[in-house]
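One-letter residues, chain by chain:
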Amino acid sequence: MKYAVGIDVGGTNTRVALIDENYKIIERRQFPTNEEEPETTLNDIKTVIDGFGYPVEGIGISCPGPLDLINGVVLTPPNLPGWHYFELTKCLEVKTGLSVHLENDGNLACLAEAAIGAGKGKGYVQFLTISTGIGAGFCVNQNIFRGAKGFAQEVANSILWKNGPFQGNLKKGSIESIASGTAITKRANDAGLRAAHAGEVYQMAQEGNQTAADIMEDAYEYLSNFLGILYGVLDPDIFVLGGSVALKVPGFVEEIEERVKEKVYDALKDNVHVVPAVLGEDCGLIGAACLVFQSKK
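A brief look at the structure comes next.

Quick notes on the rules
Residues numbered from 1 in each chain as written. Predicted model: local features only at pLDDT ≥ 70, side-chain atom pairs only at ≥ 80, totals over all residues. Heavy atoms only, no water. Helix = DSSP H or I, 4+ residues; strand = E, 2+ residues; numbered from the N terminus. Buried < 20%, exposed > 50% of the residue type's maximum accessible area, 1.4 Å probe, protein only. Contact = heavy atoms within 4.5 Å. Areas by Shrake-Rupley, 256 points an atom, 1.4 Å probe, with all protein chains shown as cover. Lys, Arg positive; Asp, Glu negative; His and termini not counted. Charge placed at Lys NZ, Arg CZ, Asp CG, Glu CD. Phe/Tyr/Trp six-rings, centres within 6.5 Å; stacked < 30°, edge-to-face > 60°. Expected span 1.5 Å × (residues − 1). Arc of directions from axis to C-beta. Pairing = 2+ DSSP bridges. Axes fitted to C-alpha atoms, helices over the stretch in contact; angles between N-to-C directions.

1. Points about the overall build of the protein
Link 1 in the chain: Each helix and strand in the protein was counted, giving ten helices and twelve strands.
Link 2 in the chain: Expressed along its principal axes, the backbone C-alpha trace of the protein runs to roughly 55 × 40 × 35 Å.
Link 3 in the chain: The buried share of the protein, taken over its 297 residues, is 53%.
Link 4 in the chain: When contacts within the protein are restricted to residue pairs at least 6 apart in sequence, long-range pairs at least 24 apart make up 59% of them.
Link 5 in the chain: Of the accessible surface of the protein, which amounts to about 13,400 Å², a share of 48% is contributed by carbon and sulfur atoms.
Link 6 in the chain: Positive and negative side-chain charges of the protein, numbering 25 and 37 respectively, have mean locations separated by a distance of 3 Å.

Shown next, in the form of structure tokens:
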């Protein structure tokens, strides 16, 4: 049996797992990510890997973008301020003596869902996570499509609404500023509502609050517009939606599917399939292991 190490670096926690070639997680560890000192987190990662006690084929690592995937450099993820322009691949290879394969979290979630999840058996799989932010990935026959310089599917800043809402360093009217959980919550609170997360905005809408209903309507409409555009550009077999908003807001995936069908040519409606992700929080770890095993073929 062959083994790989899958790593999922988040703004709050880092998870490290030993995964076999059948994508079964044998062992996992979790510890806080040091958002200011990446070297500290890398030392913790090495300690965990050494503790597994198994020979491994290599390391796959999921990290928030944007990333320079060609050179293995973390660029400017907002939730990891101390990691900006950090040469992650090189540093981890030096520490562990193992080959390291870096990929953004959306791409790896897509790869995992394409390999053993909701997109298994499909040749063209489009993944989107609708959560704190909006991330994406596209796989063709279980291979990540990265584009010319590795920035394919960096969709968060896609502009859909002239002079629309914005947040952080995103442009006005970007899809993440409209339909992410953070955006839905921010827009509600800016409008005078009191919401801790998007689920509460949804609930207020269900209870008849018109402001909350308008905010949810914007999220549904612009996100389905965006999926309709992706369908026209990429013609995927399936859209897989993950993330807390997509999976925890009742009926979210079904609502998006129905709306996307209205955005495409009538003759193509039956080709639109939008389904929930099935791998949960393990998708980044499993996708990271996929990268390692693919590199050995």
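2. Quick word on the packing of aromatic side chains
Link 1 in the chain: Following the criterion strictly, the structure yields seven aromatic pairs and no others.
Link 2 in the chain: With 4.9 Å between their ring centres and 5 degrees between their planes, Trp161 and Tyr222 make a pair best called stacked. You can see Trp161 sitting in the loop between strand E10 (143–144) and helix H4 (175–179) and its partner Tyr222 sitting in helix H7 (residues 210–234), a full 61 residues away along the chain.
Link 3 in the chain: On the basis of relative accessibility, which here comes to 21%, the residue Trp161 falls in the partly exposed class.
Link 4 in the chain: Of the residues examined, Tyr222 reaches a relative accessible area of 18% and is grouped as buried.
Link 5 in the chain: Centre to centre, the rings of Tyr220 and Phe252 are 5.5 Å apart; their planes meet at 45 degrees, and the pair counts as tilted. You can see Tyr220 sitting in helix H7 and its partner Phe252 sitting in helix H9 (residues 252–261), a full 32 residues away along the chain. Across this residue pair, the class does not change: Tyr220 and Phe252 are buried.

3. Examining helix H1 (residues 38–52)
Link 1 in the chain: In this model H1 runs 22 Å from its N-terminal to its C-terminal C-alpha over 15 residues, within 8% of the 21 Å that 1.5 Å per residue would give.
Link 2 in the chain: Along H1, the residues classified as buried are Pro38, Thr41, Leu42, Ile45, Val48, Ile49 and Phe52. All buried residues of H1 fall inside an arc of 120 degrees around its axis, so they share one side. H1 presents Thr47, Asp50 and Gly51 as exposed residues on the side facing more than 90 degrees away from its buried surface.
Link 3 in the chain: Where H1 is buried, its residues meet strand E1 (3–9), strand E2 (13–20), strand E3 (25–32), strand E4 (59–63) and helix H2 (88–96).

4. Side note on the sheet that holds strand E7 (residues 100–104)
Link 1 in the chain: An order of E3-E2-E1-E4-E7 is seen for the five strands of this open sheet, with the pairing classed as mixed. Both outer strands of the open sheet, E3 and E7, are each paired with one neighbouring strand and no more. Neighbouring strand axes in the sheet, compared pairwise and without regard to direction, differ in orientation by 15 degrees on average.
Link 2 in the chain: Sheet strands touched by H1: E1, E2, E3 and E4. Its angle to E2, the strand with the most contacts, is close to 25 degrees.

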